[in-house]
Amino acid sequence: MSIAGSQPLLRRILDSFVAPRRLFRDFRESGPWFDVLVISTLVAALAAASLPAEFFLDQMRAPVSRMGRPVQVTSSPHAIVHYGRYLAMINALMGHPVVVFATAGLLALIFTVLGGGLVSFRAYLAMTAHAFLVPALGTLLILAAGILVRGHPVEASLTALVPAAPTWLSVALVVLDPFRLWLVALLAVGVGALDERHSAGRAAVILYAVYLVLALGAATFFTG
């Protein structure tokens, strides 16, 4: 059996899309994760840096303090956008790895701790880091589409392709983002490849249910 850790990075990236089961099965023995995590994190930072100026300016319209009192904005629009992009990139660089680690931890909790599996957190981390190359690809494609259609980068979300999208449509587009759904399917394939006690089909049912619950919870929180 080949060892995934001995495979070059480009080969592992390609296999994440065309032969994920074979790639993930090798992670039972060796599971590299850092290099692909760096790639998807940099893509997340690029998406943050490409946010349109309106995204940051809209946040500063009629601002209020934590006490609900109006706050006067003295910074120029240029400064607001400049520092907004800077902070968004920092948040992406710090937050994206947390999401990947948290996802791997959730898989270990569901299928190892609660499900009686034998797969380690390290193996799930390697699989999850490679699976997150899928939404990274989606981000790059949406950014490229924004440049081709509008002549400049847009927010790396399907909602950016729908002018003045209503709240419910915005939420639906995020939840039904094909790259997010692909990610969940890929995680299910990874669970089945790593742990013979859990089939990919059963893992998919569980993970899609968890995904919908989390998505609806987030939608309720952000839409009030």
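Here we summarise the structure given alongside this text. (Residues numbered from 1 in each chain as written. Predicted model: local features only at pLDDT ≥ 70, side-chain atom pairs only at ≥ 80, totals over all residues. Heavy atoms only, no water.)

## Overview of the environment of Ala200
Within the secondary structure, Ala200 sits in helix 10 (residues 200-223). Separated by 14 residues in sequence, Ala200 and Leu186 place their C-alpha atoms 9.1 Å apart. Those residues in contact with Ala200 that lie beyond four places of it in its chain are Arg21, Ala188, Val189 and Gly192. (Helix = DSSP H or I, 4+ residues; strand = E, 2+ residues; numbered from the N terminus. Contact = heavy atoms within 4.5 Å.)

## Points about helix 1 (residues 9-18)
Considered for burial, the residues of helix 1 that qualify are Arg12, Asp15 and Ser16. Across the axial projection of helix 1, the buried residues extend over an arc of 110°, all falling on one side. When the buried face of helix 1 is taken as reference, the exposed residues oriented beyond 90 degrees from it are Leu10 and Val18. (Buried < 20%, exposed > 50% of the residue type's maximum accessible area, 1.4 Å probe, protein only. Arc of directions from axis to C-beta.)

## Focus: the packing of helix 5 (residues 77-113) against helix 6 (residues 121-131)
Where helix 5 contacts helix 6, the axes come no closer than 8 Å and their chain directions differ by 130°. The orientation of helix 5 relative to helix 6 falls into the category oblique. In the crossing of helix 5 with helix 6, the sense of the turn from one axis to the other is right-handed. Together, Val100, Phe101, Thr103, Ala104, Gly105, Leu107, Ala108, Phe111 and Thr112 of helix 5 and Phe121, Tyr124, Leu125, Met127, Thr128 and Ala129 of helix 6 make up the contact between the two elements. Residues of the contact of helix 5 with helix 6, tallied by class, amount to 11 nonpolar, four polar and no charged. (Axes fitted to C-alpha atoms, helices over the stretch in contact; angles between N-to-C directions. Parallel < 35°, antiparallel > 145°, perpendicular 65-115°, else oblique. Left-handed = near helix turned anticlockwise from the far one by under 90°. Nonpolar A, V, L, I, M, F, W, Y, C, P; charged D, E, K, R; others polar.)

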